[in-house]
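Below are the chains, spelled out letter by letter.
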Amino acid sequence: MKKSVKLMMAMLVLAFAFASCGGDDETQYAEFENGAIILNEGAYGNSNASITFIGYGSDIADNQIFYRINGRELGDVLQHAAIYNGKIYMVLNNSGKVEVASSATFIQLQTITGLVNPRYVAAKDGKIYVTQWGSWGEQGTVEVFDANSYSHTNTIKVGTGAEGLLCTDGKIWVANGGGYGLDSTVMVVDAATGAVSDTVTVGYNPKELVEDASGNIWVICSGADIYDDSWEVVGHLPSKLVMIDRQSRQVVHSLIISNTSHPAHIDVSSGKETVYFGGGFGVNGIFSVSITQPVIPQTPVIDGFFYGFNIRPSNGDIYCMVAPNFTSAGELKIYSSAGAALKSYSVGIAPSTALFN
Amino acid sequence: MHLKRVCSIVFLQLVLVGYLCAQMSLSDTIRMDEVKVYGNLRESHSIGATIYKMDSVKLKIFQNRSAAELLAMGSVNLKSYGVGGLSSLTMRGGNSSQTIVVWNGVNIQNPMNGGANLSLFPVNMFSSIRLQYGGSGTIYGSGAISGILILNSNALFSQPNGGELSLSYGSGNTRSLSSQVKYGDKSRAISVKVFGQLADNDFEFRNIYKIGSPKERITHAESKQLGILTDVNMRLHEKLFWSFSGWGQLGDKNLQPIMSSTQPSYANQVDRSLALVSNLSFSPSKRILFNLKNAASLGAIDYSDKGVNIFTNNSYASILTELESKVEVLNNGEVSMGINHTLETASSDDYVGSAKRNRVSGYASLRKPLFRSRFLSVLSIRGELVDGDFKPVIYSVGAEWLPTKKLIFKMNASKNYRIPTLNDLYWASTTYTEGNPNLEPESGWGGDVGFQVKSISSDRAINVSNSLFYSNIERWIVWLSIPTVSDSKWKPFNMSKGESWGWESQVDWSLRVNSLTIRVEGFYTFTHSVFSEQPGSRAQPMIYTPTHRFSGSLNLQYEKYGLGYYHGFTGKRYRDFQSQLPAFNLANLFISYKFNLLGKVVTAGLSVNNLWNQDYQLIAGYAMPLRSYMFTINIDFTR
């Protein structure tokens, strides 16, 4: 009996010894300027969005910097972010919030709440603009906040499923991406009054917009799959690349990209003379067109399935994000503007966007 | 449709009962042991396996709570989407669908997703809760790659007539009622158990997704539950015994939003389930026993979320017919054999048409003691035909060697598989998701080796056991979305493999001194588990599998007073490939006082849950309550 008790005690001690093994990671602080900030969406419903920092020229990807600096997770689905006046505004789609942090240190500053399905963010002239879908059946809106006090100042009703937005020349250009359904318009909002001044019909489900060297607006329209009652795909609405004259608000070019592929992203070269588009769910390749003689090419500049991409403005390098799935590490691949592979890094789950600080 | 079939089966059994009664001689003196009905036939073939049995005191203390809350304090790893939310258990690094849930000998997992929501299993419905670790449950069926949760009713004849009423009120405006009544004699008995609960579940928690981790209250988590279970035992003849169990459960629950969300939540789920088991046992001689079992497990799950316009209705049914026999052979040996047909059907707004699957299986198990019962061995094999396709034969072998009365060496090894769920196969192709009809069954093998030291005397007992285990699962089914291919919908794939090994250590010590009874229990698990998504890819840690897990309890009973302290330590767990949830200690304290009131024994109890006020999550992002309280009063009407 005594032996049994001794044996039991020994095992309990051993069990506790095992239980106390392992230490916490050391906290490290770093400056996050002069590098790329990669937004990792995380998996929907898992609240595991994260930020990766990669200094220009560095071989090291610094993952999970928001968590490490602030001791808390960002939230669920990091859809988009923007850097403005030393702050980064991060849109957490399924958390219905925007997290604000210093873009240099990533120390948390504020959480903007009260949003429903927020998507993209842009900032200009002391205001923060956030597009949101709203709940099912609701019209999309642009929610306006003061960049200093973070107070909500206006709600601007736009089209269905408001997505990407662009602030230029006192106007807010909003792509009405269709949300749960369909839309095919871009709206122009007067930044001073918040009134919609123009509605431009483009292709189906416009997602993102950029401004080229001539000041014209380019829109990537994803198109859509058409389903029957059994959810079988029975057709497609084509994807398009559309150029809008910024002054006249007229569509100058409307180029069909594909009848079956639905690219979702667009960016411009460092000189803003070449427009790049492609990437998104199940889309192969990043393509480019000249802004002066736009023709949809047959072959991509970069071959591969990328969940998102962005162009580094200072040198034109193309940062392509690979999401092998929504559970494993993603990958950042950097290419030259001509499409030559330069570097690659292991990043967080489902990387989608790169910002340049 | 299913109800008609069940009624027909019950009717046929009654006809058969009448026929057999007429055929038997009244001079036979062999009396059926009704205890066999509730699974002992199978339990005696679990030689060499690691088994953990919840003690009766624990079951009593948690009687007004769910099995999820009980198991969270136990020896397994529990995953839960918040208080009262979908809860499932995992063992030895497997996922929840690799642990089967058996009630009175019947697998009651939902065939649509392979799960069983333990938050809808009131503890008072079960007389016995056991956990069998590893894949050695061949005799219970395929699919138990990681282990089995075994829930049983008690045989009624040995129970006193009477009843019990228990009322609880606690934090989160939780109001619970449980009651049970048993009436009968030595040949006929019926028991009815009822459970009802209304809860706001607005417990305090610390929101770690917000700046400063403020204290908040859980919102949109209100729940209603109602359950009724009846057991009927009838000794129809000295050689013929019939038992019936019926269990209906209703749950209506608002689903609490993830902690990081600041958006309003509208999600709601209504669960309805009905399980029926009829078992007719016939023992023509001391050495032979036949069981004819008919069972049905029916369920409906309606999910709605007006915020995103999702309204889905799902229903399922598993209809089982089984004939099994136990025959004594080879000088104290025992052969158990059975043949089983299970029809699984499901209907869902997310399916194209209805899913239907026929499973026919046969098993044989030989249990043989050797060397004057100093060596016990078992060999079990099972073959299965699923919709006409032969699946690989599964088997388990186990052995126990008793060199002394106090020492047992154990081992077992097994090969198992799990066929895909109906969701895996039949989910319709929608915008974002799609089933995969080409999935292969998961295949697993593993084993244990260990020893047990036990010493029992009139006033004290000690039981210490240790085992090392290894488990390997190939073709693991995982739902993934792969944006790098043109068909990038969420769909299930047979990924490469999962592998885990570890150590389980169990201690149980009790002592009785005059009116004082002391019981100390501890269970420690070390688990190292990794998962490879693709052949040759880097192994990742298995998510939600803690390396270290410890549960322990101290129970003191002194005359009218009772005290129980339950402590669970869960180590860090990966919630994805790069992030870990922190370790936590979860402790519950119970005090009780027993007194007489109007001739009835009344027990008043107070429980403090999460005594150390720990922040913890069982699934990342889903808040669990800080310290909370519950007051219970229990009235015993037993004669």
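Worth saying up front: this structure is predicted, and the values here are computed from it rather than measured.

Rules of the game
Residues numbered from 1 in each chain as written. Chains lettered and ligands numbered in written order. Predicted model: local features only at pLDDT ≥ 70, side-chain atom pairs only at ≥ 80, totals over all residues. Heavy atoms only, no water. Helix = DSSP H or I, 4+ residues; strand = E, 2+ residues; numbered from the N terminus. Rg over C-alpha atoms; globule rule 2.2 N^0.38 Å. Contact = heavy atoms within 4.5 Å. Areas by Shrake-Rupley, 256 points an atom, 1.4 Å probe, with all protein chains shown as cover. Lys, Arg positive; Asp, Glu negative; His and termini not counted. Charge placed at Lys NZ, Arg CZ, Asp CG, Glu CD. Buried < 20%, exposed > 50% of the residue type's maximum accessible area, 1.4 Å probe, protein only. Patch = residues over 30% accessible without salt bridge, like charges linked within 9 Å, V, L, I, M, F, W, Y side chains within 5 Å. Salt bridge = Lys/Arg side-chain N within 4 Å of Asp/Glu carboxyl O. Pairing = 2+ DSSP bridges. Axes fitted to C-alpha atoms, helices over the stretch in contact; angles between N-to-C directions. Polar contact = N/O pair within 3.5 Å; in protein donor to acceptor, adjacent residues only side chain to side chain. Buried area = accessible area lost by both parts, 1.4 Å probe. Phe/Tyr/Trp six-rings, centres within 6.5 Å; stacked < 30°, edge-to-face > 60°. Lys NZ or Arg CZ within 6 Å of the ring centre and 35° of its normal. pLDDT = per-residue confidence, 0-100. Core = buried A, V, L, I, M, F, W, Y, C linked by side-chain atoms within 4.5 Å.

This part covers the overall build of chain B. Check the secondary structure of chain B and you find 5 helices and 36 strands. The C-alpha atoms of chain B give a radius of gyration of 24 Å, which matches the 26 Å a tight globule of 639 residues would have. In terms of overall dimensions, chain B has C-alpha extents of about 75 × 60 × 50 Å along its principal axes. Taking contacts inside chain B between residues at least 6 apart in sequence as the whole, the part at least 24 apart equals 64%. Just so you have it, chain B exposes about 25600 Å², and 60% of that area is on carbon and sulfur atoms. Here chain B contributes 63 positively and 47 negatively charged side chains, and the mean placements of these two sets differ by 6 Å.

Let's shift gears to the overall build of chain A. Scanning chain A from N- to C-terminus turns up 2 helices and 29 strands. Taking 21 Å as the expected radius of gyration for a compact globule of 357 residues, we find that chain A reaches 23 Å, a close match to that expectation. Residues classed as buried in chain A amount to 59% of the 357 residues present. Taking contacts inside chain A between residues at least 6 apart in sequence as the whole, the part at least 24 apart equals 43%. Put simply, chain A shows about 14000 Å² of open surface, and 49% of that area lies on carbon and sulfur atoms.

Attention now moves to unusual backbone geometry. Look at Asn205(A): it is not a glycine, yet its phi comes out positive at around 55 degrees. Residue Asn205(A) is classed as buried on the basis of its relative accessible area, which comes to 6%. Positive phi is not limited to glycine here, since Asn309(B) has a value of about 60 degrees. With respect to the helices, strands and loops of the structure, Asn309(B) is situated in the loop between strand 16 (288-305) and strand 17 (310-329). Look at Asn309(B) and you get partly exposed, because its relative accessible area is 32%.

With that out of the way, let us pick up a nonpolar patch on the surface. Residue and element names in this part refer to chain B. There is a patch of nonpolar side chains on the surface, built from Leu379, Ile381, Val393, Tyr395, Val397, Met411, Val449 and Leu468 and spanning about 660 Å² of accessible area. For the nonpolar patch, the secondary structure elements donating two or more residues are strand 20 (375-386) and strand 21 (389-404). With 3 residues, strand 21 is the single largest residue contributor to the nonpolar patch. Tracing the sequence through the fold places Ile381 in strand 20.

Let us look at the sheet that holds strand 20 (residues 251-258) of chain A. All names here are of chain A. One open sheet holds the 4 strands; their spatial order is 15-16-19-20, and the pairing between them is antiparallel. A single partner strand is all that each edge strand has here, and the edge strands are strand 15 (206-211) and strand 20. This sheet shows a mean twist of 15 degrees between the axes of neighbouring strands, independent of strand direction. Bridging between strand 16 (residues 217-221) and strand 19 (residues 239-244) involves 5 bridges; their strand directions are antiparallel. When the bridges of strand 19 are listed, Ile220 appears paired with Leu241.

Moving on: the pattern of salt bridges. All names here are of chain B. All told, the structure shown has 29 salt bridges over all chains when counted by the stated rule. Here Glu43 makes a salt bridge to Arg130, at a shortest N to O gap of 3.7 Å. Taken together, the residues span a long stretch of sequence, with Glu43 in helix 2 (residues 40-43) and Arg130 in strand 6 (residues 128-133) at a distance of 87 residues. Among the residues examined, Glu43 registers a relative accessible area of 18% and is labelled buried.

Residue and element names in this part refer to chain B. On the basis of which strands lie adjacent, the open sheet formed by 5 strands has the order 1-6-7-4-5 and mixed pairing. Both outer strands of the open sheet, strand 1 (51-53) and strand 5 (106-107), are each paired with one neighbouring strand and no more. Pairing of strand 4 (residues 99-103) with strand 7 (residues 147-152) involves 5 bridges; the strand directions are parallel. Paired with Thr99 across the bridge in strand 7 is Gly147.

So, about the pairing of strand 9 (residues 174-184) of chain B. Residue and element names in this part refer to chain B. Two elements, strand 8 (residues 162-170) and strand 9, share 9 bridges in a ladder whose sense is antiparallel. Pairing of Leu167 across the sheet is with Leu177, part of strand 9. Judged from the 10 bridges that link them, strand 9 and strand 10 (residues 188-199) form a sheet pairing that is antiparallel. Looking at strand 10, one finds that Gln180 is bridged to Lys193.

All names here are of chain B. Relative to strand 21, strand 20 runs antiparallel, the two being bridged by 11 bridges. If you follow Leu376 over to strand 21, its bridge partner there is Glu400. With antiparallel pairing between neighbouring strands as the criterion, strand 20 and strand 21 make up a hairpin whose turn holds 2 residues, including Asp387 at a positive phi of roughly 50 degrees. The pairing of strand 21 with strand 22 (residues 407-418) spans 8 bridges and is classified as antiparallel.

The next thing to look at is the side chain of Arg92(B). All names here are of chain B. Topologically, Arg92 is positioned in the loop between strand 3 (87-90) and strand 4. Engagement of the side chain of Arg92 in a polar contact is seen with the side chain of Asp448, the distance being 2.9 Å. Residues contacting Arg92, with those up to four places away along its chain left out, are Thr50, Tyr133, Gly134, Ser146, Asp448, Ser467, Phe469, Ser500, Glu504 and Thr527.

This brings us to the interface of chain B and chain A. Opposite the 52 residues of chain B that make contact, chain A presents 64 residues. Across the interface of chain B and chain A, roughly 4700 Å² is buried in total on both sides, 59% from carbon and sulfur atoms. For Arg575(B), the salt bridge goes to Glu73(A), with nearest N and O atoms at 3.0 Å. Linking chain B to chain A there are 13 residue pairs in polar contact (both at pLDDT 80 or more).

Another aspect to go through is the packing of aromatic side chains. Evaluated as defined, the whole model comprises 34 aromatic pairs over all chains. Ring plane angle 25 degrees and centroid distance 6.2 Å describe the contact between Phe281(A) and Phe326(A), whose orientation is recorded as stacked. Taken together, the residues Phe281(A) in the loop between strand 22 (274-278) and strand 23 (284-290) and Phe326(A) in the loop between strand 26 (318-322) and strand 27 (331-335) connect sequence positions 45 residues apart. Judged by its relative accessible area of 35%, Phe281(A) falls in the partly exposed class. On the basis of an interplanar angle of 25 degrees and a centroid distance of 4.8 Å, the ring pair of Phe584(B) and Tyr616(B) is categorised as stacked. Placement of Phe584(B) in strand 34 (residues 584-597) and of Tyr616(B) in the loop between strand 35 (600-609) and strand 36 (628-636) is noted, with a sequence separation of 32 residues between them. Accessibility assignment for this pair places Phe584(B) and Tyr616(B) in one class, buried. Within the aromatic cluster, the residues linked to one another by ring pairs are Phe281(A), Tyr307(A), Phe326(A) and Trp490(B). Residue placement shows Arg312(A) over the ring face of Tyr56(A); its charged tip is 3.5 Å from the ring centre.

In this section: the confidence of the model for chain A. All names here are of chain A. On average, residues of chain A score 90 in pLDDT, and 91% of them are at 70 or above. Here residues 1-5 scores under 50 on pLDDT; set against residues more than four positions off or in separate chains, the count is 8 contacts. Segment residues 11-29: pLDDT under 50, and 19 contacts once partners within four positions in sequence are set aside and those in other chains are kept.

Take the nonpolar core next. Formed by 45 residues in total, the largest nonpolar core has its most connected members in Leu71(B), Leu89(B), Trp103(B), Leu118(B), Phe121(B), Leu131(B) and Leu149(B). Looking at this core, the element that brings in the most residues is helix 4 (residues 67-72) of chain B, giving 5 residues. Ile37(A), Ile65(A), Ala81(A) and Leu355(A) belong to the second-largest nonpolar core, a separate cluster that totals 18 residues.

It is worth spelling out the confidence of the model for chain B at this point. All names here are of chain B. Per-residue pLDDT for chain B has a mean of 88; in total, 92% of the residues score no lower than 70. When mean pLDDT is compared element by element in chain B, strand 10 scores highest at 96, while helix 1 (residues 2-23) scores lowest at 41. pLDDT under 50 marks residues 1-38. Its contacts with residues more than four places away, or in other chains, come to 80 contacts. Taken over the whole predicted complex, pTM reads 0.86, whereas the ipTM for its chain interfaces reads 0.83.

Turning to the side chain of Ser166(B), a few remarks are in order. All names here are of chain B. Here Ser166 shows up in strand 8. Only 3.1 Å separates the side chain of Ser166 from the side chain of Gln63, close enough to count as a polar contact. Within the structure, Ser166 has its side chain in polar contact with the side chain of Asn634 (distance 3.5 Å). Those residues within four positions of Ser166 in sequence are excluded, and the remaining contacts are Gln63, Asn64, Ser176, Leu177, Ser178, Thr632, Ile633 and Asn634.

All names here are of chain B. Secondary-structure assignment places Pro392 in strand 21. Taking the C-alpha atoms as reference, Pro392 lies 27 Å from Gly502; in sequence the two are 110 residues apart. In this structure, Pro392 is in contact with Arg382 and Tyr417, ignoring residues within four places of it in sequence.

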